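# What the coordinates show
Residues per chain are reported as follows:
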Amino acid sequence: MLGTLGISEFDERLYRAYLAKPDRTAREIAEHLGTTPSRIQHAVARLVELGLLRRERHGQYRPVSPRTALSALLAKRRAETEAAFAAVGDTVDDLASEYRANRLQGNPNELVEVITGEAAVTLRVAELTHSIHTHFWVLDRPPYLGPYSNELEETFTMDLLGRGVDIRSVYTPEALAQPGRFELISRLSTLGEQARLLPSLPFRLRIMDRRVALVALIAGRYDRIVVVHRSGLLDAILELFDTYWQRAQPIASTAPNTPDQPSAEDLLLLKMLQAGYKDQAIARQLGTSARTVTRRIAAIASQLGLDTRFQVGAEVVKRGWI
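Residues numbered from 1 in each chain as written. Predicted model: local features only at pLDDT ≥ 70, side-chain atom pairs only at ≥ 80, totals over all residues. Heavy atoms only, no water.

Turning to helix H1 (residues 9–20), a few remarks are in order. In a regular helix each residue adds 1.5 Å, so 12 residues correspond to 16 Å; H1 covers 17 Å between its end C-alpha atoms and thus fits that length. Taken together, the buried positions of H1 are occupied by Phe-10, Asp-11, Glu-12, Leu-14, Tyr-15, Ala-17 and Tyr-18. (Helix = DSSP H or I, 4+ residues; strand = E, 2+ residues; numbered from the N terminus. Expected span 1.5 Å × (residues − 1). Buried < 20%, exposed > 50% of the residue type's maximum accessible area, 1.4 Å probe, protein only.)

What follows deals with the side chain of Ser-189. Structurally, the position occupied by Ser-189 is in helix H7 (residues 181–191). Taking relative accessible area as the criterion, Ser-189 reaches 13% and is therefore assigned buried. In this view, Ser-189 contacts Ala-195, Ile-251 and Ala-252; residues no more than four positions away in its chain are not counted. (Contact = heavy atoms within 4.5 Å.)

Our next topic: the sheet that holds strand E10 (residues 249–250). Pairing in this open sheet of eight strands is mixed, and the strands run E3-E9-E8-E7-E4-E5-E6-E10 from one edge to the other. The open sheet has two free edges, formed respectively by strand E3 (112–116) and E10, since each of these has just one partner strand. In terms of strand pairing, strand E6 (residues 194–197) meets E10 through two bridges, oriented antiparallel. Looking at the pairing, Arg-196 lines up with Pro-250 of E10. Sheet strands touched by helix H6 (residues 150–162): strand E4 (135–140) and strand E5 (166–171). Its angle to E5, the strand with the most contacts, is close to 140°. (Pairing = 2+ DSSP bridges. Axes fitted to C-alpha atoms, helices over the stretch in contact; angles between N-to-C directions.)

It is possible for side chains of opposite charge to pair when their charged atoms get near one another. This structure, assessed with the given rule, holds 12 salt bridges. Through salt bridges that share partners, Asp-140, Glu-153, Arg-181 and Arg-204 make up one connected network. (Salt bridge = Lys/Arg side-chain N within 4 Å of Asp/Glu carboxyl O.)

Here helix H11 (residues 290–304) contains 15 residues, and its C-alpha end-to-end distance of 21 Å stays within 8% of the 21 Å for a straight helix at 1.5 Å per residue. By the burial criterion, the buried members of H11 are Val-293, Arg-296, Ile-297, Ile-300, Ala-301 and Leu-304. One face of H11 carries all of its buried residues, which in axial projection span an arc of 140°. Exposed side of H11, more than 90 degrees from the buried face: Arg-291, Arg-295, Ser-302 and Gln-303 are the residues found there. A positive phi of about 70° marks Gly-305, the residue just after H11. (Arc of directions from axis to C-beta.)

The next thing to look at is unusual backbone geometry. Generally, phi is negative for residues other than glycine and the peptide bonds are trans, each holding for most cases. In this structure, Asp-209 is a non-glycine residue whose phi angle is positive, near 55°. Note that Asp-209 resides in the loop between strand E7 (205–208) and strand E8 (212–216).

Let's shift gears to the nonpolar core. Within soluble globular proteins, side chains that are nonpolar generally end up buried alongside one another. Of all hydrophobic cores here, the largest spans 23 residues; its most connected members are Ile-7, Leu-14, Tyr-18, Ile-29, Ile-40, Val-44 and Leu-52. Put simply, the parts of the chain that give this core at least two residues each are H1, helix H2 (26–33), helix H3 (37–50) and helix H4 (66–106). Looking at this core, the element that brings in the most residues is H1, giving five residues. Those residues within four positions of Ile-40 in sequence are excluded, and the remaining contacts are Phe-10, Leu-14, Ala-26, Ile-29, Ala-30, Leu-33 and Thr-35. With 21 residues, the next largest nonpolar core counts Ala-175, Phe-182, Leu-184 and Leu-188 among its residues. (Core = buried A, V, L, I, M, F, W, Y, C linked by side-chain atoms within 4.5 Å.)

In this description, a pair of aromatic rings is defined by centroid distance and the angle of the planes. One pass over the full model with this rule turns up three aromatic pairs. The interplanar angle of 15° and the centroid separation of 5.2 Å between the aromatic rings of Trp-137 and Phe-241 together place this pair among those described as stacked. Here Trp-137, found in strand E4, pairs with Phe-241, found in helix H8 (residues 232–247); they are 104 residues apart in sequence, far enough to count as distant. Just as Trp-137 is buried, Phe-241 falls in that class too. Taking 6.1 Å as the distance between ring centres and 15° as the angle between the ring planes, the aromatic pair formed by Phe-241 and Trp-245 counts as stacked. Remark: Trp-245 and Phe-241 occur in helix H8; sequence separation between them is four residues, near one turn of the helix. Given a relative accessible area of 4%, Trp-245 falls into the buried group. Residue placement shows Arg-39 over the ring face of Phe-10; its charged tip is 3.7 Å from the ring centre. Directly above the ring of Trp-245 sits Arg-196, whose terminal nitrogen or CZ lies 4.0 Å from the centroid. (Phe/Tyr/Trp six-rings, centres within 6.5 Å; stacked < 30°, edge-to-face > 60°. Lys NZ or Arg CZ within 6 Å of the ring centre and 35° of its normal.)

Structure below.
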């Protein structure tokens, strides 16, 4: 039963014997199990090393609580297994890179895959997305392919964050035009996604684990993409991403909360205002009217004793609200 944890059948029987009657000596347990004291001594040493028994005095041992001992051992074995699988995964990646490098020497066309058609693009993107385990970097701008919802994006992002994936996203205002998406990205930014904003981007880009990149071939369309594998070209794409990343502005504020800052809803409005959103676009995000947005901005300005939106933007940054 406990073999998965590295505990043999005999060692488990011995542990159970100690749990049943902790005060018995090794000789008494040997008689109970029908074996020799020497075998019991070797098994006891193994159980002590595994943390299932502890020595109290010469020749006397006590069992450690199964919940304490076995839970700790289970966590240790799980960590060892995950580390082993991660090492195997790295080896697989190295072998794949070596294989591709050798193939490229004979056929440079394998440097990239050209995928056309919505069905083929959707399938290849799904395959590569499911293989992510370390990095997911994105230049995000429309258009999009396939169904989208804030709920799907939240589930996908939270799964990656839960697995410790490094998520870096650069968005354009058009990318956040979906009602509620700006608020979603703002919230995900507080949970671990590193999200930034630029007024425009030349194309849509996804980078997975720094080993493959997906680039849209035609601006305004996402049914023709190039999959770029490890190569000098991929290195150049990584450098390009870093250039846009450094230019972009963080969506989430890194400043600590202050007692005088406005409500969460007004903070979201101010973030969109700072990002360059017009009242109509802010209204779509908040599910209200442009007139209501205008009134709320005017009310914030009045509370701050200011006259213009520019002054409001400068003041809220000065106060560390955004």
